[in-house]
Number of protein chains: 2
Amino acid sequence: MSTAIENFVKAIYKNGKRDNNDTKPGNIAKELGISNAAATDMAKKLSAKDLLHYKKYQELKLTDKGTKMALNVVRKHRLWEALLFKLFDLSLHDIHKEAELLEHQTSDLLANKISAYLGHPKFDPHGDPIPNEHGEITTIDTSIALSQAEEGKTYIISRLMSDDKEFFEFCALNELKYSNTVFVSKQFSNNKMTQILVKNNTILLNQDFSSIIYVNENN
Amino acid sequence: MSTAIENFVKAIYKNGKRDNNDTKPGNIAKELGISNAAATDMAKKLSAKDLLHYKKYQELKLTDKGTKMALNVVRKHRLWEALLFKLFDLSLHDIHKEAELLEHQTSDLLANKISAYLGHPKFDPHGDPIPNEHGEITTIDTSIALSQAEEGKTYIISRLMSDDKEFFEFCALNELKYSNTVFVSKQFSNNKMTQILVKNNTILLNQDFSSIIYVNENN
DNA sequence: ATTAATATTTAAGCTTGCTTAAATATTTTA
DNA sequence: TAAAATATTTAAGCAAGCTTAAATATTAAT
C-alpha cells in the first residue's frame, strides 16, 4: 500500500482518537494538506479496498483492516521516534519529521528489530503508546489533559500530544518533557482560566497548550 | 526529487563504475526493472532537469548536478547499511533491501547525524566507500578483483561488490567478509581457470563471484 | 556489404494522486 | 424555518511513471 494510503488511514485513526473527533473528508483533507475533493476521492477508493466504510456526507470509519494498517504505521512512526531520540541529538520536531517519512519505508522485520533493540518500549519520546507487532496497545491510559488538572497538586507529564513545531520549541525552552514533574496552580484573569506550572521557572500556559499536555497524578 | 529520479541517476552512476560500463537506456532499464521505453522517457525528462546529457542512441552521461545527486543517494544508502549492520542482527541482503528504501527518505541532516554517530566511517559493511557530505570520495582504491589475484599470495577482502542475495548467502556460508584474509591458489580444469581460497575451509569460486570480490595485498 | 538480430525511440494509453470549478447537500444563524 | 454559510461531491483535467506495440536505428553475423 502506498504512502498516500497509509497517511490517509493514519489521519483517520488519529482524528478518531482526538477530542474534537471529526473524520469527515474535509477534516482529513486539512490534516493531510490536500483538497476536499481529493479526500472524498481517496475515501471511495479505500472503501473499495475494505479499509474504511464510506457513506456520502457521513464520517469515515476505519474497518478492522484499516485500523490494523493505521496501527502498523503508527507503530513504525513511534519506533523510529524512539530510536532516533536515543541515538541522535535532534529536536523532537526534527525527529517527528524524519519518522513521518521513514515510517512508510520500513518492513515489519525492521520494525521488530528496532523494537527489540530498544527493549520493546511501550512509549515513544512524546509518551505516545507504541502498538505491538499485532497492532495492539496494551497500556492503560490514566492520564488527563493538564487543562483538567487540579489546583495545588503535583503531576508527572505523561504525554505531549502534538506535532506542532512551536509547541515543541516552547516545551524544550521550558523543560516540559516526558516524565518531568509539574506543580499546578490556576490563575484567573477576566474570568478566563490560565494556568501556571512551577518547575524551575514559572511557566504560563494557554488553553491550547494545556489541552495537549497530558499528565498523571504523582503518587 | 522523486525516488524514481534518484534511482535512475544512481543506476547510471553505478553502471559507469562497473567494468562492462554501458549506460544506454536499455541497460539502465534492466537494472531498474522497467521497460526500455520508460528509461528513454525518463532520460529525456532528466536531461531537461540538467541531471544528465541525452543524445539519441548514445550512452547517458550524468552532469555534475546528476553526479552530485547520485553520490548523495549512495552516501545515504551506505550510511544506512553501516548503521543497520551495527545495530541489528540482519543479513547483508536484508540490510541492503532496507537501505534501498530508506535512502530516499533521509534528510541531509539525518545522514550527517548517522555519519557522526558511526564516527564518520569511510566504508560500509561491503567495503564500499561512503561519500562525505559534499559528495566526495577521498579514499584511494588499491584493491583488485579476486579474479586478478596472484597464485600463492594472501589477500584481505576489501569489498563485496554486489547486491545479489545468493552471492551474500554464499559469502555468509563461507565466511567471506570484509577484512577477512584469504589465500589464493589457482586451479585449472579443461584449460579454464577456477580458483580456490583457503580460509577455514577450501572454497571453490566461479568466475562470476571472483570478479565481484575485491581484495588488497596483505602487507 | 547485406541481412538478420537487437536496441532504441515514438506513440498511445493506463493508474495514482492530486488540482480547480461547479453542483449539490448539510449545517448554522438569524 | 428560511436564508446564508459551509462542506461535500461530481466532473474534468493534469503530471509522474509506468505499460505495450509499432517504427526506426544500430550492431552483429554471415
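It should be noted that the structure appears before, not after, this text.
Computed from a predicted structure; not experimentally measured. (Residues numbered from 1 in each chain as written. Chains lettered and ligands numbered in written order. Predicted model: local features only at pLDDT ≥ 70, side-chain atom pairs only at ≥ 80, totals over all residues. Heavy atoms only, no water.)

Before going further, it helps to examine the protein's contact with DNA strand D. Among the 21 residues in the neighbourhood of DNA strand D, the closest are listed as Lys44(A), Tyr54(A), Tyr57(A), Ser2(B) and Ser35(B). In DNA strand D, atoms within 4 Å of the protein come 76% from sugar and phosphate. Here a phosphate oxygen of DNA strand D sits 2.9 Å away from a polar atom, N or O, in the side chain of Thr40(A). In the environment of DNA strand D, a phosphate oxygen lies 2.7 Å from a nitrogen or oxygen atom belonging to the side chain of Tyr54(A). The set of elements that each furnish at least two residues to the surface near DNA strand D consists of α2 (25-32) and α3 (36-48) of chain A together with α3 (36-48) of chain B. Taken together, the residues of the surface near DNA strand D sort by class into ten nonpolar, six polar and five charged. (Near = heavy atom within 4 Å. Polar contact = N/O pair within 3.5 Å; in protein donor to acceptor, adjacent residues only side chain to side chain. Helix = DSSP H or I, 4+ residues; strand = E, 2+ residues; numbered from the N terminus. Nonpolar A, V, L, I, M, F, W, Y, C, P; charged D, E, K, R; others polar.)

Here we take up the side chain of Ser210(A). Residues and elements named next belong to chain A. You can see Ser210 is positioned in helix α8 (residues 207-210). When its relative accessible area of 2% is taken as the criterion, Ser210 is described as buried. Here Ser210 is in contact with Ala145, Leu146, Ser147, Gln195 and Leu205, once residues within four sequence places are set aside. (Buried < 20%, exposed > 50% of the residue type's maximum accessible area, 1.4 Å probe, protein only. Contact = heavy atoms within 4.5 Å.)

Residues and elements named next belong to chain B. With two bridges connecting them, strand β3 (residues 144-145) and strand β8 (residues 213-217) associate as antiparallel partners. Across the sheet, the residue bridging to Ala145 is Tyr214, located in β8. In terms of strand pairing, strand β4 (residues 154-160) meets β8 through five bridges, oriented antiparallel. What sits directly across from Tyr155, in β8, is Glu217. (Pairing = 2+ DSSP bridges.)

All names here are of chain A. Position of Glu103 relative to the elements: it lies in the loop between α5 (92-102) and α6 (108-117). Classification of Glu103 by relative accessible area gives buried; the value is 1%. Polar side-chain contacts of Glu103 include one of 2.9 Å to the side chain of His104. Not counting chain neighbours up to four residues away, the residues in contact with Glu103 comprise Glu6, Asn7, Lys10, Val73, Lys76, His77 and Trp80.

Turning our eyes to something else, we now look at the protein's contact with DNA strand C. Not every one of the 19 residues close to DNA strand C is listed here, only the nearest: Ser2(A), Ser35(A), Lys44(B), Tyr54(B) and Tyr57(B). For DNA strand C, the backbone makes up 74% of the atoms found within 4 Å of the protein, where backbone means sugar plus phosphate. In this structure, Gly26(B) approaches DNA strand C through a main-chain N or O atom, which is 2.9 Å from a phosphate oxygen. Here Lys56(B) contributes a side-chain N or O atom positioned 3.0 Å from a phosphate oxygen of DNA strand C.

Residues and elements named next belong to chain B. Counting through the fold element by element, Asn27 comes out in helix α2 (residues 25-32). With 23 residues separating them in the primary sequence, Asn27 and Ala4 have C-alpha atoms 16 Å apart. Within the structure, Asn27 has its side chain in polar contact with the side chain of Asn15 (distance 3.5 Å).

This brings us to the packing of aromatic side chains. According to the stated counting rule, one finds nine aromatic pairs over all chains in the structure shown. Between Phe88(A) and Tyr117(B), the aromatic rings sit 5.7 Å apart at their centres with planes inclined by 90°, giving edge-to-face as the arrangement. Of this pair, Phe88(A) sits in the loop between α4 (64-87) and α5 while Tyr117(B) sits in helix α6 (residues 108-117), each in a different chain. The partly exposed category is assigned to Tyr117(B), whose relative accessible area is 27%. Taken together, the ring pairs connect Phe167(A), Phe168(A), Phe170(A) and Phe209(A) into an aromatic cluster. (Phe/Tyr/Trp six-rings, centres within 6.5 Å; stacked < 30°, edge-to-face > 60°.)

Any functional reading would require information that these geometric values do not contain.
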